[in-house]
Amino acid sequence: MADVTMLEGSTATMDELAGDASRLLLTESTTRAPGPSVEDISRSLQRFNWPDYVVFVLMLISCMVIGVFFGYKDHQKHKRQKHARRGSEALDYLVGGRKMKIIPVSVSLVASWISGISLLGTSTEIYVYGVQYCYIVSAVVLMGLMMNYIFLPVFHDLQITSAYEYLQMRFDKRMRLVGSILFTLASILWLPIVIYVPALAFNQVSGVNIHVITPIVCLVCIFYTSLGGLKAVVWTDVIQTGIMVGAMIIVIVKGTADVGGLSVVIERNSAGGRFEGPDFNLDPTARNTFWTLLIGGTFFWTSTNSINQNMMQRYLSLPSLGSARKALVLFLVGTTTLLAMCCYNGLLIFAMYHDCDPLSTGLAKAKDQLVPLLVMEVLGEYPGLAGLFVAGIFSAALSSLSTALNSLSAIVLEDFCKPFVSKPLTETQTRYIMRFTVLAFGALAVMMVIVVEKMGAVLQLSMSLGPVTLGPLFGLFLMGFFFPRINGSCAILGTTAGLVLMSYIVIRSQISIALKEIVFAEKPVTVEGCLYEFTPKNGTLFEADSTPGEKSLHHVSFLYYTMIGSVVPTIVGYLASFVLPRSKTDDIDPLLLAPFLRRFYRARDTKANHMTEVLHEFETKDIQL
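Thresholds, definitions, all that
Residues numbered from 1 in each chain as written. Predicted model: local features only at pLDDT ≥ 70, side-chain atom pairs only at ≥ 80, totals over all residues. Heavy atoms only, no water. Phe/Tyr/Trp six-rings, centres within 6.5 Å; stacked < 30°, edge-to-face > 60°. Helix = DSSP H or I, 4+ residues; strand = E, 2+ residues; numbered from the N terminus. Buried < 20%, exposed > 50% of the residue type's maximum accessible area, 1.4 Å probe, protein only. Patch = residues over 30% accessible without salt bridge, like charges linked within 9 Å, V, L, I, M, F, W, Y side chains within 5 Å. Areas by Shrake-Rupley, 256 points an atom, 1.4 Å probe, with all protein chains shown as cover. Salt bridge = Lys/Arg side-chain N within 4 Å of Asp/Glu carboxyl O. Core = buried A, V, L, I, M, F, W, Y, C linked by side-chain atoms within 4.5 Å. Contact = heavy atoms within 4.5 Å. Polar contact = N/O pair within 3.5 Å; in protein donor to acceptor, adjacent residues only side chain to side chain. Axes fitted to C-alpha atoms, helices over the stretch in contact; angles between N-to-C directions. Parallel < 35°, antiparallel > 145°, perpendicular 65-115°, else oblique. Nonpolar A, V, L, I, M, F, W, Y, C, P; charged D, E, K, R; others polar.

A look at the packing of aromatic side chains
The way to describe two aromatic rings as a pair is by their centre distance and the angle between their planes.
Turning to step 1, where the next piece is worked out: In this structure the tally under the stated criterion is 19 aromatic pairs.
Turning to step 2, where the next piece is worked out: Seen from their ring centres, Phe151 and Phe481 are 5.0 Å apart, and the 45 degrees between their planes marks the pair as tilted. In this pair, Phe151 is assigned in helix 7 (residues 137-158) and Phe481 in helix 19 (residues 458-482), connecting sequence segments 330 residues apart. As far as the burial class goes, Phe151 and Phe481 line up, both buried.

Topic: a nonpolar patch on the surface
Turning to step 1, where the next piece is worked out: Residues Leu493, Val567, Ile571, Tyr574, Leu575, Phe578, Val579 and Leu580 make up a contiguous nonpolar surface patch of about 710 Å² in total accessible area.
Turning to step 2, where the next piece is worked out: A per-element tally of the nonpolar patch places helix 21 (residues 561-576) first, with four residues.
Turning to step 3, where the next piece is worked out: Within the element layout of this structure, Tyr574 appears in helix 21.
Turning to step 4, where the next piece is worked out: For Tyr574, a relative accessible area of 30% corresponds to the partly exposed category.

Observations concerning the nonpolar core
Turning to step 1, where the next piece is worked out: In this structure, Phe56, Phe155, Tyr166 and Phe331 are the most contacted members of the largest nonpolar core, which totals 160 residues.
Turning to step 2, where the next piece is worked out: Ranked by residues supplied to this core, first place goes to helix 14 (residues 321-352) with 17 residues.
Turning to step 3, where the next piece is worked out: Beyond its immediate sequence surroundings of up to four residues, Phe155 is in contact with Ile160, Ala163, Tyr166, Ser306, Ile307, Met312, Leu316, Phe477 and Phe481.
Turning to step 4, where the next piece is worked out: Counting residues in hydrophobic clusters, the runner-up holds eight residues, among them Val468, Ile505, Val556 and Ile564.

Notes on the side chain of Ser577
Turning to step 1, where the next piece is worked out: With respect to the element layout, Ser577 can be found in the loop between helix 21 and helix 22 (612-615).
Turning to step 2, where the next piece is worked out: Residue classification places Ser577 among the buried positions, given a relative accessible area of 2%.
Turning to step 3, where the next piece is worked out: Of the polar contacts made by the side chain of Ser577, one reaches the backbone oxygen of Tyr574; its length is 2.4 Å.

As for the packing of helix 11 (residues 262-271) against helix 14
Turning to step 1, where the next piece is worked out: With their axes 9 Å apart at the nearest point, helix 11 and helix 14 run at an angle of 80 degrees to one another. Considered as vectors, helix 11 and helix 14 are oriented roughly perpendicular to each other. Residue-level inspection shows Leu262, Val265, Arg268 and Asn269 of helix 11 in contact with helix 14, the latter providing Tyr344, Leu347, Leu348, Phe350 and Ala351.
Turning to step 2, where the next piece is worked out: Its residues assigned to classes, the contact of helix 11 with helix 14 comprises seven nonpolar, one polar and one charged.

What to know about the pattern of salt bridges
Turning to step 1, where the next piece is worked out: The tally for this structure, following the rule as stated, stands at four salt bridges.
Turning to step 2, where the next piece is worked out: Ionic pairing is found between Asp258 and Lys254, a salt bridge with its closest N-O pair at 2.8 Å. Of this pair, Asp258 and Lys254 both sit in helix 10 (residues 210-259), separated by four residues, roughly a single helical turn.
Turning to step 3, where the next piece is worked out: For Asp258, a relative accessible area of 42% corresponds to the partly exposed category.
Turning to step 4, where the next piece is worked out: One salt bridge connects Lys523 with Glu276, and the closest N-O pair in it is separated by 3.3 Å. Residue Lys523 is located in the loop between helix 20 (488-514) and helix 21, and its partner Glu276 is located in the loop between helix 11 and helix 12 (290-306); the two are separated by 247 residues in the primary sequence.
Turning to step 5, where the next piece is worked out: Judged by relative accessible area, which is 19%, Lys523 ranks as buried.

Re the packing of helix 12 against helix 21
Turning to step 1, where the next piece is worked out: Two numbers describe how helix 12 lies on helix 21: the axes approach to 7 Å, and their chain directions differ by 70 degrees. Comparing the axis directions of helix 12 and helix 21 gives the class roughly perpendicular. Of the residues in helix 21, those touching helix 12 at Ile295, Phe299, Phe300 and Ser303 are Thr562, Met563, Ser566 and Val567.

Concerning the environment of Phe275
Turning to step 1, where the next piece is worked out: Note on placement: Phe275 falls in the loop between helix 11 and helix 12.
Turning to step 2, where the next piece is worked out: A C-alpha to C-alpha distance of 9.1 Å links Phe275 and Leu347, two positions 72 residues apart in sequence.
Turning to step 3, where the next piece is worked out: Ignoring sequence-local partners within four residues, the contact set of Phe275 consists of Val131, Ile266, Asn269, Ser270 and Leu347.

Take it as geometry only, folks, not as evidence of what the structure does.
Set out below in structure tokens:
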């Protein structure tokens, strides 16, 4: 879920408004000699020809072939193993039999995190707001440390399949259900955004309606995810990541050469105010500062990697903790590299359009179409290369979509079905439940694209919706890992408080944005160098008639959303433990606590150290007490 992001905004001061009034210089410069219209230029850039379609279709076919291959391979395996343990199909489908290899899993982790939202949204972020967001790399480092020393050891020691099984082990069945519901809601909100992003890019380069291409691509994804399970998802991720990275490198190299070289890119971005050092402003309502990126970004990245089923399911598919830690290191290297490439791509877009902003002229109808616009400008004349890049964007989306669908099948099977059936599920029932889950959530995501289409920039949108459920969910795990005195009842109180608070913050901020109580300070742009005719937009980005009012809680930076949504439930749950009956620390298995806390709590006797036997009958049926 990677790429999993929040609403970006802060209240601008009058000085900011005055400074940003230079964004659109649309006065006498709009009076020019007759020339081609913006519509003519837009049509001329839609050069998506048959070689591009061939490249795109070949990518989809390769994904389907991989799904058929692994589906057939697993089917033959289960036919030969007539006396396989119950649930062995679920084990293979969901975690690859816990025998996956480090490198493909690492690539899959990167592909799952770097979705089309990141590819398009991060570049757009740099073009519109400058490089301040790039300093979030500091949060990536802290996230890696916490994953390595806290979260991975606990989950691997427990050998769970669904990350939310932990909540039943630590609290009770209620909390497992709460955690699974929160994750499912977050996925339902996130999936249509993942699908919408590449469809938007495809529309920009080919003119094909997004509601035509989204069902086709989703059907392909549903097909290979349903057949091949995690193995198909991981190996298609490997191919898709190769396409994605290769396409980005081609665009960066060719685009840099077209604008005159790296020195020109640096010069134009410096003149345009895109380069800036870390902002150490302590104001929590400031949009992006070093502190919001470091503190808030660490909470966001850690939550989306440590307790997100999409990511954790891949770590749990590896045979050992050591393998998982190696995969984590490779994931961090790959993610940081791709993040740097996306940031540079944003600088390249500004260097290309430094004197003719395509957003102001309408050449790009939405901010998230800036990247595909650059691609057609740079690669449109080369048959197949534009198709390669669009295939790369779709690859990023398909990897995220297939990951989420596979994870949801794990959640539905392990958390919504198995705990509520009186008899163990048969292999046939298990197979149908997992496949139907993939189909149902895939279809729902396609239908919800219609809603996402009306809701603004994808990077902002994905980061605004995620923390509503992700924050309280992360808070549940913080309570379980670090505070043994908190029990299930206290955790429910804390989670409820977090959900209410985050719902208020996100909804109230959306209302304030609609009423222009919250405005966004963007970097200046100009249209003085445009060589085509267009209908100018408003002369300034902001229309503030009065001084902004006092700042409230909903004005806080989007990067703090996850932190607030997780810390508040933890505090409420901890305080409630002094009022409600608290857990007896002697009854808590040390394996459920953060590793550095385990030595302070003695293990329970007998069955305490064998909790997985109850929750994982398909993996532990042959173990005797």
